[in-house]
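Now for the letters of each chain:
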Amino acid sequence: MKTLKPYLMAAAMTAAIAVSAPHAEACSRVIYQGVDSLFVIGRSLDWKTPIPTNIYVYPRGMKKVSSDQPKHFSWTSKYGAIYAASYDGGITEGMNEKGLVINGLFCKGTVYNDDKASQKPQMSLSVFVAWMLDQCATTDEVVTLLKSSQFGVQGATFDGGTVSALHWSVTDKTGKSVIFEFDRGNINIYDMGDYRAMTNDPNWPQMTAIIDYWNKIGGNNMLPGTVSSPDRCVRANYFAHHVKQTADPDLAVATCRSVLANSSVPYSYEIQDQPELSTTQWRTYSVPYNLRYYFEIVTNPGYYYVDLNKVNLRKGAPVMKLDTSKTANLVGDVTRYLKVSKPFTPMY
């Protein structure tokens, strides 16, 4: 019986966290490290209902604003980028032409603003990811930009009043990664080091404690198997460290895809007393090495990618869009299916 004690303690720890957060917005993010400079950043978007998400490619040299409020600021994009825009109104994630990747995942414990937020220029969550991707080439540059900027966070609700409580992870072409979380006007920034997964609650310091606990047990002995945020993060981190490294970008994406699927919530999975439980709606795979951005809707028969090397990102080039509702049967390189488009309208 003594040999079971560590396992029972770990199971109790993750179960307690799952009970404290029954309404799970179950997004996951995985970093697969291949040979040399090959990295794949995989991400799942989980929600109780499908979230319509289209793909936009924006060129360099576009002027943008942070908010529709009187107190706002503007910037001009230094880099072209590809964005995933949910509801055609807010950027969930993206990758720029320098291979910088930024993803936002739900974190219900997030509190963005302090009492002085209304006195600061406003930053809408709908364009927050673009603000960073447009101006930064590396993770360090994102950290510098965040530390040197003062703003209050503004965000529209969606899907019947849901608040976009998020935390973010940033990875650049070298694999350097950070997670940052808002806490009442402060931005806490954490170097991910050798951790290779993130999910939702709890906050990052608490999550790493859970990962470290399970690492001592050893995933070849036992891994937590529920759909709770800590369990998914533990599984993803373990497998991301133990799959084989490859120098083949296509195989790297396939490997990352298998790890991410293992930490996703099966489509249509339900728990009777948890009506808000989220299931995986779509997954993405960003590859800074060759600037390919993969998109996978789980109900489609295949997945596809946009190759940023083949898109005109020069100043003055048009915005391009891929309407994912019309791509159910597409597989492979879909760059040629991008259409000239108006910029999306931010849901400030």
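To be clear, the structure that these remarks concern was listed above.
Quick summary incoming for the structure in this document. (Residues numbered from 1 in each chain as written. Predicted model: local features only at pLDDT ≥ 70, side-chain atom pairs only at ≥ 80, totals over all residues. Heavy atoms only, no water.)

1. Some points on the overall build of the protein chain
A tally of regular secondary structure across the protein chain gives 6 helices and 20 strands. Its C-alpha atoms give the protein chain a radius of gyration of 19 Å, near enough to 20 Å, the size a compact globule of 348 residues would have. Here the C-alpha coordinates of the protein chain stretch approximately 70 × 50 × 40 Å along the principal axes. Taking as baseline every contact in the protein chain between residues at least 6 positions apart, the subset at least 24 positions apart corresponds to 68%. (Helix = DSSP H or I, 4+ residues; strand = E, 2+ residues; numbered from the N terminus. Rg over C-alpha atoms; globule rule 2.2 N^0.38 Å. Contact = heavy atoms within 4.5 Å.)

2. Brief notes about the sheet that holds strand β13 (residues 186-191)
Here we have 9 strands laid out as an open sheet, ordered β13-β12-β11-β8-β7-β6-β3-β18-β20, and antiparallel in their pairing. Of all strands in the sheet, those bounded by a partner on one side alone are β13 and β20 (339-341). Each adjacent strand pair in this sheet contributes to an overall mean axis angle of 30°, direction not counted. As paired elements, strand β12 (residues 177-183) and β13 share 6 bridges and run antiparallel to each other. If you follow D183 over to β13, its bridge partner there is N186. Of the strands in this sheet, β6 (81-86), β7 (90-96), β8 (101-106), β11 (166-171) and β12 touch helix α2 (residues 125-135), which is tilted by about 15° from β7. (Pairing = 2+ DSSP bridges. Axes fitted to C-alpha atoms, helices over the stretch in contact; angles between N-to-C directions.)

3. Some remarks on helix α4 (residues 204-217)
For α4, which comprises 14 residues, the first-to-last C-alpha distance of 20 Å matches the rise-based estimate of 20 Å (1.5 Å per residue) to within 8%. For α4, every residue scored as buried is listed here: W204, M207, T208, I210, I211, W214 and I217. (Expected span 1.5 Å × (residues − 1). Buried < 20%, exposed > 50% of the residue type's maximum accessible area, 1.4 Å probe, protein only.)

4. Things to note about the environment of G332
With respect to the helices and strands, G332 occurs in strand β19 (residues 332-333). Ignoring anything within four residues of it in the chain, the contact list for G332 reads Y303, Y304 and Y305.

5. Concerning the pairing of β8
Within β8, 6 of the 6 residues are buried, which leaves it mostly tucked inside the rest of the structure. With 3 bridges joining them, β7 and β8 adopt antiparallel strand pairing. Opposite E93, over in β8, you have N103 as the bridge partner. Here β7 hands over to β8 after 4 residues, with G99 in that stretch at a positive phi of 85°. Bridge analysis of β8 against β11 gives 6 bridges, and the strand direction is antiparallel.

6. Side note on the pattern of salt bridges
Tallying each qualifying case throughout the model produces 14 salt bridges. Note that R184 and D183 form a salt bridge whose closest N and O atoms lie 2.9 Å from each other. A salt bridge links D323 to K326; the nearest nitrogen and oxygen atoms lie 4.0 Å apart. The class of D323 is partly exposed, set by a relative accessible area of 25%. (Salt bridge = Lys/Arg side-chain N within 4 Å of Asp/Glu carboxyl O.)

7. Some points on the sheet that holds β19
The strands that make up a sheet are held in pairs by hydrogen bonds between backbone atoms, and each pair lies either parallel or antiparallel. The mixed open sheet is built from 7 strands, whose spatial order is β14-β1-β2-β15-β16-β17-β19. Strands with a single pairing partner mark the edges of an open sheet, and in this sheet they are β14 (197-198) and β19. Of the pairings in the sheet, the one linking strand β17 (residues 304-307) to β19 comprises 2 bridges and is parallel in character. Paired with Y305 across the bridge in β19 is D333.

8. Some remarks on the packing of aromatic side chains
Two numbers describe a pair of aromatic rings. These are the distance of the centres and the angle of the planes. All told, the structure shown has 26 aromatic pairs when counted by the stated rule. Summarising the aromatic geometry, the rings of W47 and F106 are spaced 5.5 Å apart at their centres and angled 15° between planes, so their arrangement reads as stacked. Of the two residues, W47 sits in strand β2 (residues 39-47) while F106 sits in strand β8, which places them 59 residues apart along the sequence. As far as burial versus exposure is concerned, W47 and F106 are alike and both buried. (Phe/Tyr/Trp six-rings, centres within 6.5 Å; stacked < 30°, edge-to-face > 60°.)

9. Brief notes about the pairing of strand β18 (residues 319-322)
The side-chain alternation of β18 yields two buried faces, one formed by V319 and K321 and the other by M320 and L322. Pairing geometry for β18 and β20, over 3 bridges, is antiparallel. Across the sheet, M320 pairs through a bridge with V340, a residue of β20.

10. Things to note about the nonpolar core
One finds V57, I102, F128, W131, M132 and W168 to be the most contacted residues of the largest nonpolar core, which totals 93 residues. For M132, the contacting residues outside a window of four places in its chain are L100, I102, V142, L145, L146 and F180. (Core = buried A, V, L, I, M, F, W, Y, C linked by side-chain atoms within 4.5 Å.)

11. So, the side chain of K64
Relative to the elements of secondary structure, K64 occurs in strand β4 (residues 63-65). Side chain to side chain, K64 and Y83 meet in a polar contact 2.8 Å long. Ignoring any residue separated from it by four or fewer positions in sequence, one finds K64 in contact with Y58, F73, S74, W75, Y83, A130 and D134. (Polar contact = N/O pair within 3.5 Å; in protein donor to acceptor, adjacent residues only side chain to side chain.)

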